[in-house]
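Listed below are the residues making up each chain.
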Protein chains: 2
Amino acid sequence: MADESLFDFLHMEIVSHIYKEQQSSKEEMDNKDRAVCVSVLESMGFRVGQGLIERLTRDSPSFKDELDVMKFVCKDFWTKVFRRQVDNLRTNHQGTYVLQDNKFSLLTQLSNGKQYLDQAPKYLAFSCGIVRGALSNLGLDSVVTAEVSVMPSCKFQVVVQKL
Amino acid sequence: MADESLFDFLHMEIVSHIYKEQQSSKEEMDNKDRAVCVSVLESMGFRVGQGLIERLTRDSPSFKDELDVMKFVCKDFWTKVFRRQVDNLRTNHQGTYVLQDNKFSLLTQLSNGKQYLDQAPKYLAFSCGIVRGALSNLGLDSVVTAEVSVMPSCKFQVVVQKL
């Protein structure tokens, strides 16, 4: 129990630290400031995702295609990192994937419904980075974004970049 | 497996972020800069420790004295947070406690021996804060410091502040 909350609490602290440090010299944050925060959190997540997937795939067989990689991320990786599987994976078979998690672990503490919806992006940047880092180490260059309409449900969109 | 590494990786990222941000404007860090970093990490740990102990003691009976609290921290709390019990607890029965962990989880990844010993304090500030935060919520105001002579072994000294 506390094991999981350890990560959740630490994640909360980091988000709040990074936003505070960006805001320290100003009255109010503008969009550029917010973009800086998101980018710092996203890069942290990226490196954490790389590290995690490296351990997790140490004994795994190789993947046969892109969809196979995505399925691994939705099942094994998601379970280890976010404590449940993705509820729904959709794809247009052209490199775009939508991963829906109806009870996203980093949002469950935050709210249940539409309250604080404007705060959600703060708490998703790190996770987007984690997913992008994991995919990157599995050979897929991607852009990962997240969208929330009702917490704690969350949709991650992954667009694989073709070389 | 990845669950634990998730926290470890995130912790590494935070340490590196906080040291980088403090150093950004300078050639080299001086002792004052290092103290700022340690203090930022320690306060993060403090709040995380408060949150964790609150959950962990929700269903626990109350403690009969200071030593009882310390034993709980060394066993239950340590196991949840650092994945093992403290190996040795000593006290002078006047409010000073030494908690020795021979395989401290946040140092095992770093080194085995005396190499990088100068880097160890970076990776202990957050943990000192966690312990201080936990004790604070259990009603004990304390000063917590850590000392390493050979990694990954670590000694935490807790000095309870009498009112």
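Residues numbered from 1 in each chain as written. Chains lettered and ligands numbered in written order. Predicted model: local features only at pLDDT ≥ 70, side-chain atom pairs only at ≥ 80, totals over all residues. Heavy atoms only, no water.

Asker: I'm lost on the pairing of strand 2 (residues 96-101) of chain B in this one. Help?
Answerer: Within a regular strand, side chains alternate between the sheet's two faces. All names here are of chain B. Bridge count between strand 1 (residues 88-91) and strand 2: 4 bridges; the pairing is antiparallel. Counterpart to arginine 90 in the pairing with strand 2 is valine 98. Where strand 1 folds back on strand 2, the antiparallel hairpin that results is connected by 4 residues, among which histidine 93 adopts a positive phi of roughly 60°. Pairing of strand 2 with strand 4 (residues 154-160), which is carried by 6 bridges, proceeds in the antiparallel orientation. (Pairing = 2+ DSSP bridges. Helix = DSSP H or I, 4+ residues; strand = E, 2+ residues; numbered from the N terminus.)

Asker: Explain helix 3 (residues 66-82) of chain A to me, please; I cannot follow it from the model alone.
Answerer: One turn of an α-helix holds 3.6 residues; hence residues three or four places apart share an orientation. Residue and element names in this part refer to chain A. Within helix 3, the axis deviates most sharply at valine 73, by approximately 35°. Listing the buried residues of helix 3 in full gives Glu66, Val69, Met70, Phe72, Val73, Cys74, Phe77, Trp78, Val81 and Phe82. Note on helix 3: the residue one or two positions beyond its end, arginine 83, has a positive phi of about 65°. (Bend = angle between axes of the 7 residues up to and from the residue. Buried < 20%, exposed > 50% of the residue type's maximum accessible area, 1.4 Å probe, protein only.)

Asker: Before we go on, may I ask you to explain the nonpolar core in this structure?
Answerer: Side chains that are nonpolar tend, in soluble globular proteins, to be buried together. Judged by nonpolar contacts, the single largest core of 99 residues is most densely connected at A:Leu107 and B:Leu107. When near neighbours in sequence (up to four residues on either side) are disregarded, A:Leu107 contacts A:Ala120, A:Tyr123, A:Leu124, A:Val148, A:Met151, A:Pro152, A:Ser153 and A:Cys154. (Core = buried A, V, L, I, M, F, W, Y, C linked by side-chain atoms within 4.5 Å. Contact = heavy atoms within 4.5 Å.)

Asker: Just to check I follow, could you spell out the environment of A:Asp68 for this structure?
Answerer: All names here are of chain A. Along the chain, aspartate 68 turns up in helix 3. Since its relative accessible area comes to 23%, aspartate 68 is described here as partly exposed. The sequence separation of aspartate 68 and glutamate 42 amounts to 26 residues, and the corresponding C-alpha distance is 24 Å. Reaching out from aspartate 68, the side chain makes a polar contact with the backbone nitrogen of lysine 64 at a distance of 3.0 Å. (Polar contact = N/O pair within 3.5 Å; in protein donor to acceptor, adjacent residues only side chain to side chain.)

Asker: Explain the pattern of salt bridges here, please?
Answerer: Two side chains of opposite charge can pair, provided their charged atoms sit close to one another. All names here are of chain A. Evaluated as defined, the whole model comprises 12 salt bridges over all chains. In this structure, lysine 162 engages glutamate 66 in a salt bridge whose closest nitrogen and oxygen atoms are separated by 2.8 Å. A residue pair is termed long-range when its members are at least 10 positions apart, and lysine 162 in the segment after strand 4 (154-160) and glutamate 66 in helix 3 qualify at 96 residues. The class for lysine 162 is exposed, based on a relative accessible area of 55%. Note on glutamate 66: relative accessible area 19%, which makes it buried. One salt-bridge network, in which partners are shared between bridges, spans Arg84, Asp87 and Asp101. (Salt bridge = Lys/Arg side-chain N within 4 Å of Asp/Glu carboxyl O.)

Asker: Please explain the sheet that holds strand 2 (residues 96-101) of chain A as it appears in this structure.
Answerer: Strand pairing in a sheet relies on backbone hydrogen bonds, with the paired strands running either antiparallel or parallel. All names here are of chain A. Pairing in this open sheet of 4 strands is antiparallel, and the strands run 1-2-4-3 from one edge to the other. The open sheet is flanked by strand 1 (88-91) and strand 3 (142-147), the only strands paired with a single partner. Between one strand and the next, the sheet's axes are offset by a mean angle of 15°, whatever the strand orientation. In terms of strand pairing, strand 3 meets strand 4 through 6 bridges, oriented antiparallel. (Axes fitted to C-alpha atoms, helices over the stretch in contact; angles between N-to-C directions.)

Asker: Just checking my understanding: could you explain unusual backbone geometry for this structure?
Answerer: Residues and elements named next belong to chain A. The omega angle of the peptide bond from methionine 151 to proline 152 is 0°, so this bond is cis rather than trans. Looking at the secondary structure, you find proline 152 in the loop between strand 3 and strand 4. Even without glycine at this site, tyrosine 116 takes up a positive phi of about 65°. As for its position among the elements, tyrosine 116 is in the loop between helix 4 (105-108) and helix 5 (125-137).

Asker: Would you take a moment to explain the interface of chain A and chain B for this structure?
Answerer: How big an interface is tends to be stated in terms of accessible area lost as the parts join. Each side of the interface is counted separately: chain A has 28 residues, and chain B has 28 residues. Of all residues in chain A, A:Leu6, A:Leu10 and A:Arg55 bury the most surface against chain B, accounting for 22% of the area lost on that side. Counting across the chain A and chain B interface gives 2 salt bridges. A salt bridge links B:Glu13 to A:Arg47, with the shortest nitrogen-to-oxygen separation between them at 2.7 Å. The leading source of residues in the side of chain A that touches chain B is helix 1 (residues 2-23) of chain A, at 13 residues. Residues belonging to the side of chain A that touches chain B are distributed by class as follows: 16 nonpolar, 5 polar and 7 charged. (Buried area = accessible area lost by both parts, 1.4 Å probe. Nonpolar A, V, L, I, M, F, W, Y, C, P; charged D, E, K, R; others polar.)

Asker: Any chance you could explain the relation of the copies chain A and chain B here in plain terms?
Answerer: Relating one copy of the chain to the other requires a rotation about an axis plus a shift along that axis. It takes a turn of 180° to lay chain A on chain B, together with a shift of 0.0 Å along the axis; the resulting RMSD is 0.0 Å. Here the two chains are linked by the operation of a two-fold rotation axis. Taking C-alpha positions as reference, the residue of chain A nearest the rotation axis is A:Phe7, located at 2.6 Å. When the interface residues of chain A are mapped onto chain B, 100% of them again lie at the interface, so the same face is used by both copies. (Least-squares fit on C-alpha atoms with pLDDT ≥ 70 in both.)

Asker: Whenever I open this one, the side chain of B:Ser142 confuses me. Can you help?
Answerer: On the secondary structure map, B:Ser142 appears in strand 3 (residues 142-147). Dropping the residues within four chain positions of it, B:Ser142 is found in contact with B:Arg132, B:Leu135, B:Val158, B:Val159, B:Val160 and B:Gln161.

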